[in-house]
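Spelled out from the first residue to the last, the chains are:
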Amino acid sequence: MRRTERLFQIIQILRRKNRPVTGRELAEELETSLRTLYRDMAELIAQRVPIRGEAGTGYVLDAGYDMPPLMLTTDELEAAVLGARWVAARGDARLVRGAEDLIAKLSTAVPLDLQPVIMDSGLVPVSFRKRPEDSFDVALVREAIRTQKKLDLGYADEAGNITRRTVWPFLIVYADHIRMMCAWCELRDGFRHFRTDRVKQIDMLDARFPERVARLRKRWEAVREAERCRKATRPD
């Protein structure tokens, strides 16, 4: 790795972490020596990159700092293109357009020497299962999550029986062959998962749900973790 690439990678690692990162951690991820890492840190600080900390205690990048746009490595660019193609194959209509537009923008914005990474990429997502079609635009759920609005559902179970639900959506799970909306269900007074292809009717309500999306996700993760622990401790 060239030194310039390594300096940008150090900034990227610090941006990715939400805690101080020791010089040893940085050196291991960059596959370089501590001596080289300390020289790189001194160079970044000399270039007025707002890094706080010192050898042995950890480094932190001050909030608000950002690198110049599209300073991407080959691996980062391939990851972005592969992810966009996966979304283009599985997302709702608006996400598909967004993914296609992203690839087009990357194609025109990256330097000439990186354009073949996009145009001739050897990475393609493949699905061997047919995904059921949704009866509504899933973009409505994404909007409800962003605006913290309740949704009114007509939802069919496996037998086709339909129940009315008022839910607080906080997450959409994109699996290979289905999409699921994770939400708090007022009818069941608990977390439930709704396959989007079984939603027969959906309306966004004017009412906002009272709990923040981040808090709902945290509680949902705690419930899932508790369930995993219970299953792990059951006798054979």
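Rules used throughout
- Residues numbered from 1 in each chain as written.
- Predicted model: local features only at pLDDT ≥ 70, side-chain atom pairs only at ≥ 80, totals over all residues.
- Heavy atoms only, no water.
- Helix = DSSP H or I, 4+ residues; strand = E, 2+ residues; numbered from the N terminus.
- Expected span 1.5 Å × (residues − 1).
- Buried < 20%, exposed > 50% of the residue type's maximum accessible area, 1.4 Å probe, protein only.
- Arc of directions from axis to C-beta.
- Contact = heavy atoms within 4.5 Å.
- Pairing = 2+ DSSP bridges.
- Axes fitted to C-alpha atoms, helices over the stretch in contact; angles between N-to-C directions.
- 1 Å grid on protein atoms, 1.4 Å probe; cavity = no way out; pocket = protein on both sides within 12 Å on 5 of 7 lines; lining within 4 Å.
- Points joined across faces, edges and corners; volume = space filled by probe spheres on them.
- Patch = residues over 30% accessible without salt bridge, like charges linked within 9 Å, V, L, I, M, F, W, Y side chains within 5 Å.
- Areas by Shrake-Rupley, 256 points an atom, 1.4 Å probe, with all protein chains shown as cover.
- Salt bridge = Lys/Arg side-chain N within 4 Å of Asp/Glu carboxyl O.

- Going by the annotation in an unreviewed UniProt entry, the name recorded for the protein chain is DNA-binding protein, with Hyphomonas adhaerens MHS-3 given as the source organism.

**Examining helix 5 (residues 93-109)**
Here comes step 1: For helix 5, which comprises 17 residues, the first-to-last C-alpha distance of 24 Å matches the rise-based estimate of 24 Å (1.5 Å per residue) to within 8%.
Here comes step 2: Buried within helix 5 we find Val96, Ala99, Ile103, Leu106 and Ser107. When helix 5 is viewed along its axis, its buried side chains cluster within an angular range of 105 degrees and face the same direction. Among the exposed residues of helix 5, those pointing more than 90 degrees away from its buried face are Lys105 and Thr108.
Here comes step 3: Where helix 5 is buried, its residues touch helix 4 (74-90) and helix 6 (115-119).

**Observations regarding the sheet that holds strand 6 (residues 190-195)**
Here comes step 1: Taken together, the five strands give an open sheet; going across it, the order is 6-5-4-3-7, and neighbouring strands pair in antiparallel fashion. Bordering the open sheet on either side are strand 6 and strand 7 (199-208), each of which pairs with just one other strand. Here the strands of the sheet are splayed against their neighbours by 45 degrees on average, with no regard to which way each runs.
Here comes step 2: In this structure, strand 5 (residues 179-185) lies alongside strand 6, joined through six bridges in antiparallel fashion. Its bridge partner being in strand 6, Ala183 is matched across the sheet by Arg192.

**Quick notes on empty space enclosed by the protein**
Here comes step 1: Summed over all chains, the structure comprises one cavity of 30 Å³ or more.
Here comes step 2: Computed from the structure, the largest cavity encloses a volume of approximately 30 Å³.
Here comes step 3: What lines the largest cavity is Arg131, Pro132, Asp134, His177, Ile178, Arg179, Thr196 and Asp197.

**Considerations on a nonpolar patch on the surface**
Here comes step 1: Taken together, the side chains of Val124, Val126 and Phe128 present a nonpolar region at the surface, about 380 Å² in accessible area.
Here comes step 2: Note on placement: Phe128 falls in the loop between helix 6 and helix 7 (139-147).

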